[in-house]
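Each chain, written out:
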Amino acid sequence: MRIFSGIQPTGAIHIGNYAGAIQNWVRMQGEGECLYSIVDYHALTIPYETAEMPRRVQEAALDLLACGIDPEKSRLFVQSQVPEHTELTWVLSCCASIGELNRMTQFKEKSERVDFINAGLFTYPILMAADILLYKADTVPVGEDQLQHLEVTRVFARRFNSQFGETFPEPQPRMTTAPRIMALNDPTRKMSKSLEGSAIMLSDSDEVILRHVKRAVTDVGAKTDEMSPGVKNLFTLLKVFSPAETVAHFQEQYEAGNLRYKELKETLGQDMVDTLAPIRQRREELAARPSQICEILHESARQVRQLARETMAEVRQKLGLTACS
Ligand code: TYM
């Protein structure tokens, strides 16, 4: 089995990324050949400071290695160091319809936030499909927000296969038990780097983590019989960071109608600190050796590029781009 996934280098990694995807990246290292990419080409779709980009890539690599991505077991590489990603993007763009791209909810959401809607924002899912298909990956560990992109990836693969002959497997998603973590300050919206005050970063200090959890929105408006989105989100996080007995304890309290938010938040905050503190410490140790990080990224890119070249040679052959070759 080949596993592929990617993350944008848009600042520090947050607990939504961790709970929804990175935990599975780490767990799946025993299951197959793992290729994980820091997708800097994708990050070009949103305005950014060019001088900041190298640091952002380095930060993402640090976070991922600190979470347990093991360079002995996985290839961790930077997307732009394997130019075949963009080559396959062009090919797949001829297998994608404008209607399909227009239906992407992420495109609709992101394009509402910018004045200049660049075409990269629109064709973003094609680059993502190319990332996955370039390595003929079978399984893609992602959060729920990426399912629609994966669905069109399968459509593009199927279309290519039926037009030019069987080439790409149809990749399937793998989700965790927490595929959609909501913003702590607004549990009706997804936790994200772009939503101010919504996220806890892996690099946040104990104090910051505890403060964020303490301030998390629980109930708004009138009480109903259903669990409110804020409390539901805290329970989802509890399942990620706390032992099963703790989850059961609070679940019982909730069902008996005597759940105390303060106690729930204190326990969750402390369990989060206990999980994230060792990650932060590993991160600091790794940060002291930046050249080692670069070595890992370069060596991985060199290795995956062999696979990428093989796929592109096959694709060119299938497309009939073979004159005088
Ligand atoms: P990105 O960088 O936004 O997020 C990385 C991963 O984190 C997951 N995630 C979440 N999971 C749960 N709750 C949340 N609030 C939350 N926020 C983010 C995402 O689902 C994702 O799995 N387009 C992708 C990157 C990408 C990619 C790929 C992924 C590019 N090429 C190929 C898989 C395969 C993205 O922007 O993820």
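For the structure, check the block above.
To start, this report covers the structure provided alongside it. (Residues numbered from 1 in each chain as written. Predicted model: local features only at pLDDT ≥ 70, side-chain atom pairs only at ≥ 80, totals over all residues. Heavy atoms only, no water.)

**A short note on the environment of Ile126**
Part 1 of the reasoning: Topologically, Ile126 is positioned in helix α7 (residues 119-134).
Part 2 of the reasoning: Distance from Ile126 to Trp90, taken between C-alpha atoms, is 8.3 Å for residues 36 residues apart in sequence.
Part 3 of the reasoning: In contact with Ile126, not counting residues within four places along its chain, are Thr89, Leu92, Ser93, Ala96, Leu101 and Phe156. (Helix = DSSP H or I, 4+ residues; strand = E, 2+ residues; numbered from the N terminus. Contact = heavy atoms within 4.5 Å.)

**Side note on the site of the ligand**
Part 1 of the reasoning: Taken together, 28 residues surround the ligand, and among them Gln8, Tyr124, Asp131, Asp145 and Ile181 come closest.
Part 2 of the reasoning: The separation between an oxygen atom of the ligand and a polar side-chain atom of Tyr124 is 2.7 Å.
Part 3 of the reasoning: In isolation the ligand exposes 710 Å². Once the protein is present, 96% of that is buried.
Part 4 of the reasoning: Looking at the shell around the ligand, the elements with two or more residues in it are β1 (2-7), α1 (15-27) and α7.
Part 5 of the reasoning: Of the residues assigned to the shell around the ligand, the class counts are 13 nonpolar, 10 polar and 5 charged. (Near = heavy atom within 4 Å. Polar contact = N/O pair within 3.5 Å; in protein donor to acceptor, adjacent residues only side chain to side chain. Areas by Shrake-Rupley, 256 points an atom, 1.4 Å probe, with all protein chains shown as cover. Nonpolar A, V, L, I, M, F, W, Y, C, P; charged D, E, K, R; others polar.)

**Things to note about the packing of helix α10 (residues 229-241) against helix α11 (residues 244-256)**
Part 1 of the reasoning: Relative to each other, α10 and α11 sit at 155 degrees, their axes nearing to 9 Å. Here α10 is positioned roughly antiparallel relative to α11, judged by the angle of their axes. Mapping the contact onto sequence places Phe235, Leu238 and Lys239 in α10 and Thr246, Val247, Phe250, Gln251 and Tyr254 in α11.
Part 2 of the reasoning: Across the contact of α10 with α11, the residue classes tally to 5 nonpolar, 2 polar and 1 charged. (Axes fitted to C-alpha atoms, helices over the stretch in contact; angles between N-to-C directions. Parallel < 35°, antiparallel > 145°, perpendicular 65-115°, else oblique.)

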